[in-house]
Amino acid sequence: MSTHKSAECILNVLDLLLRHTVHGLTASDICKATGYTAPNVSRYVATLEATGWAERIPETNRIRASIRVAQRAMNVLHEFDKAQQRLAELRTRMTTPIN
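These figures come from a predicted structure and were not determined experimentally. (Residues numbered from 1 in each chain as written. Predicted model: local features only at pLDDT ≥ 70, side-chain atom pairs only at ≥ 80, totals over all residues. Heavy atoms only, no water.)

Draft legend 1. Molecular detail of the overall build of the protein. Across its full length, the protein carries 4 helices and 2 strands. Starting at the N terminus and ending at the C terminus, the protein contains elements arranged as α-α-α-β-β-α. Over its C-alpha trace the protein gives a radius of gyration of 20 Å, far above what one expects of a compact globule, namely 13 Å for 99 residues. The C-alpha extent of the protein, read off along each of the three principal axes, is 70 × 35 × 20 Å. The long-range fraction of contacts in the protein, counting pairs at least 24 apart against all pairs at least 6 apart in sequence, stands at 48%. Approximately 7,200 Å² of the protein is accessible, and the part contributed by carbon and sulfur atoms is 59%. Mean positive and mean negative side-chain charge positions of the protein (13 and 9 charges, respectively) differ by 3 Å. (Helix = DSSP H or I, 4+ residues; strand = E, 2+ residues; numbered from the N terminus. Rg over C-alpha atoms; globule rule 2.2 N^0.38 Å. Contact = heavy atoms within 4.5 Å. Areas by Shrake-Rupley, 256 points an atom, 1.4 Å probe, with all protein chains shown as cover. Lys, Arg positive; Asp, Glu negative; His and termini not counted. Charge placed at Lys NZ, Arg CZ, Asp CG, Glu CD.)

Draft legend 2. Summary view of the pattern of salt bridges. Overall, the coordinates contain 7 salt bridges when judged by the stated rule. Linking lysine 5 and glutamate 8 is a salt bridge whose minimum nitrogen-to-oxygen distance equals 3.8 Å. Residue lysine 5 and its partner glutamate 8 are both found in helix α1 (residues 3-18); the two are separated by 3 residues, about one turn of the helix. The exposure class of lysine 5 is partly exposed, given its relative accessible area of 36%. Here glutamate 8 falls in the partly exposed class, since its relative accessible area comes to 34%. The residue glutamate 55 makes a salt bridge to arginine 64 at a minimum N-O spacing of 2.9 Å. (Salt bridge = Lys/Arg side-chain N within 4 Å of Asp/Glu carboxyl O. Buried < 20%, exposed > 50% of the residue type's maximum accessible area, 1.4 Å probe, protein only.)

Draft legend 3. Quick peek at the packing of aromatic side chains. Taken as a whole and assessed by the stated rule, the structure comprises 1 aromatic pair. Taken together, a centroid distance of 5.5 Å and an interplanar angle of 80 degrees make the contact between tyrosine 36 and tyrosine 44 edge-to-face. Of the two residues, tyrosine 36 and tyrosine 44, neither departs from the other in class, the shared state being buried. (Phe/Tyr/Trp six-rings, centres within 6.5 Å; stacked < 30°, edge-to-face > 60°.)

Draft legend 4. Region of the structure containing the nonpolar core. One finds Val13, Leu17, Ile30 and Leu48 to be the most contacted residues of the largest nonpolar core, which totals 18 residues. Looking at this core, the elements with two or more residues in it are α1, α2 (27-34), α3 (38-50) and β2 (63-65). The dominant element in this core, judged by the number of residues it contributes, is α1, at 6 residues. (Core = buried A, V, L, I, M, F, W, Y, C linked by side-chain atoms within 4.5 Å.)

Draft legend 5. Layout of a nonpolar patch on the surface. The grouping of Met74, Val76, Leu77 and Phe80 at the surface amounts to a nonpolar patch, some 410 Å² of accessible area in total. As for its position among the elements, leucine 77 is in helix α4 (residues 67-95). (Patch = residues over 30% accessible without salt bridge, like charges linked within 9 Å, V, L, I, M, F, W, Y side chains within 5 Å.)

The structure is reproduced here in structure tokens:
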């Protein structure tokens, strides 16, 4: 399988995990939802875990998206806030009459 196709599959698994963050999924659940083989799912999940994008729920060993995803989402929101502030500053400068 090409690197591009593997990356696409890994991102598909992450997208699936994002829809089941609270309770997570088993590897079997991921196989059923995606149609990927168990060995491939094992590799995709291992990659997500190794890179910090997925984690195991200690009590159940189910797989979920890691807190890193929420942290990145908060970073995006913060960047949007900064952009909104910058736009407001520019709007004020543009609408202030020149003496």
